[in-house]
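# Coordinates in review
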Amino acid sequence: MSEILIMGNMPDKSLSILKAEFTVHRAVEMTNFEKFLAEQGDKISAVATTGFVGIHNSIIEKLKNLQIISSNGVGYDSIDATFCADRGIIVTHTPDVLNAEVANTTIMLFLNSFREFSFNEAYVKSGNWKLEGMAPYSRSPDNRVVGILGMGRIGQEIASRLSIFNPKILYHSRSPKDVPYTYYEDLETMARDCEVLICITPGGLQTNKIVNEGVLTALGSTGTLINIARGSVVDQTALISALKDKRLGYAALDVFENEPNVPDELIHMSNVIVLPHVGSATFETRAAMGDLTLNNLIEFKKNGKVITPVPECLNLNQNT
Ligand code: NAP
């Protein structure tokens, strides 16, 4: 195992580490990627990619000797892991090392939404404070009923970091977890019972648009939707309609259906906060994610095992 294909960009430091271990081919530097796949695809035994870039099955099919895909990011909905596992290709991701950062970003969205920091900052910078006097009051983040959709690694970290605001925490996932919060089997019922709905599930077919018109309407005219999961989890058209019709009160969004395109309606609504998918985007956390991405590749090269396989590939890691 010695030739690697890198999809997307990679920091120089990581590239030099990989170059010490593998012969590196970079898709972004190729003028004719199809020609490369046809002529040299058979030599590639490893792929490094990211959760944003992923890798399409049609490319994987052309890499006949591929053994491992190491993806930077915990979400891997851009890679068909079942397709890979069926072909004996092990897929890895970067869980846990980003839990704290993504939870911090969620808390930031939660606080910003309730205390309206974006509005208030613009109020000063636009000169409105001088012209119009004191800014309007905002809502307190304390003592809220918060529903979390997805009580996994990050969902649990969010719940823990929210605790200083004394919330009542409800959650929905396909099965109950060993956590001290109230489980709801039905998402729409939970949305009716909470004031804030935080989405932190994986993307992909299973969760596609599960936050639909019914869920948004149930959350209600004073309710707040926070989406830090994937754009695909929320029906964006239904979200825009619900906000316009005042069936939903507020939205705070890190992710969108067709990134980096954000609909004008969302950009211009004063009750909507938008971020450019920066949930884990700090120097420190991105460095930790980058290290884990490389270490999965290096461990596999040395020992035939990886550190953090995706669940679909657990068996491959045990059997190698
Ligand atoms: P995780 O530990 O696997 O947790 C996922 C949770 O979602 C589990 O509680 C799971 O429980 C639940 N879930 C899965 N499918 C579901 C469904 N169909 N309906 C309801 N609940 C479902 O994953 P994690 O590490 O917390 O990460 C979660 C996701 O956050 C990632 O996959 C990624 O998409 C997103 N993320 C976003 C950013 C960002 O920058 N905005 C950064 C990191 C992660 P059950 O299996 O019991 O349903």
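Per chain, residues are indexed from 1 in the order of the written sequence. Only residues with pLDDT of at least 70 get local features here, since the model is predicted, and only at 80 or more are side-chain atom pairs given and counted; chain-wide, interface and lining totals rely on the full set of residues. To obtain the side-chain values, all non-hydrogen atoms of the structure were used and water was disregarded.

The next subject is the pattern of salt bridges. Definition used for salt bridges: Asp or Glu carboxyl oxygen within 4 Å of a side-chain nitrogen of Lys or Arg. Per the counting criterion, the structure on display carries 13 salt bridges. Measuring nitrogen to oxygen at the nearest pair gives 3.6 Å for the salt bridge that ties lysine 209 to glutamate 257. In this pair, lysine 209 sits in the loop between strand E9 (196–199) and helix H10 (213–219) while glutamate 257 sits in the loop between strand E11 (250–253) and helix H12 (264–268), placing the two residues 48 residues apart along the sequence. Notably, a salt bridge pairs arginine 247 with glutamate 213, separated by 3.9 Å at the nearest N-O pair. With arginine 247 in the loop between helix H11 (236–244) and E11 and glutamate 213 in helix H10, this residue pair connects regions lying 34 residues apart in the sequence. Salt bridges linked by common partners bring Glu213, Asp245 and Arg247 together as one network. The numbering of helices and of strands both runs from the N terminus, where a helix is a DSSP run of H or I of at least 4 residues and a strand a run of E of at least 2.

Okay, the sheet that holds strand E6 (residues 145–149) next. Any two strands with at least two DSSP bridges between them are considered paired. Reading across the sheet, the seven strands line up as E8-E7-E6-E9-E10-E11-E12 and stay open at both edges, with parallel pairing between neighbours. The two strands at the open ends of the sheet, each matched to only one other strand, are strand E8 (182–183) and strand E12 (272–274). Two strands pair when backbone bridges link them, and strand E10 (residues 224–227) and E11 are joined in this way by four bridges, in the parallel orientation. By the bridge assignment, leucine 225 is partnered in E11 with alanine 251. The strands touched by H11 are E10, E11 and E12; relative to E11, the strand with the most contacts, the crossing angle is about 145°. Note on definitions: a residue-residue contact is assigned when non-hydrogen atoms from the two residues lie within 4.5 Å. Note on definitions: angles span 0 to 180 degrees between N-to-C directions of axes, and those axes are lines fitted to C-alpha atoms, for helices only across the stretch in contact.

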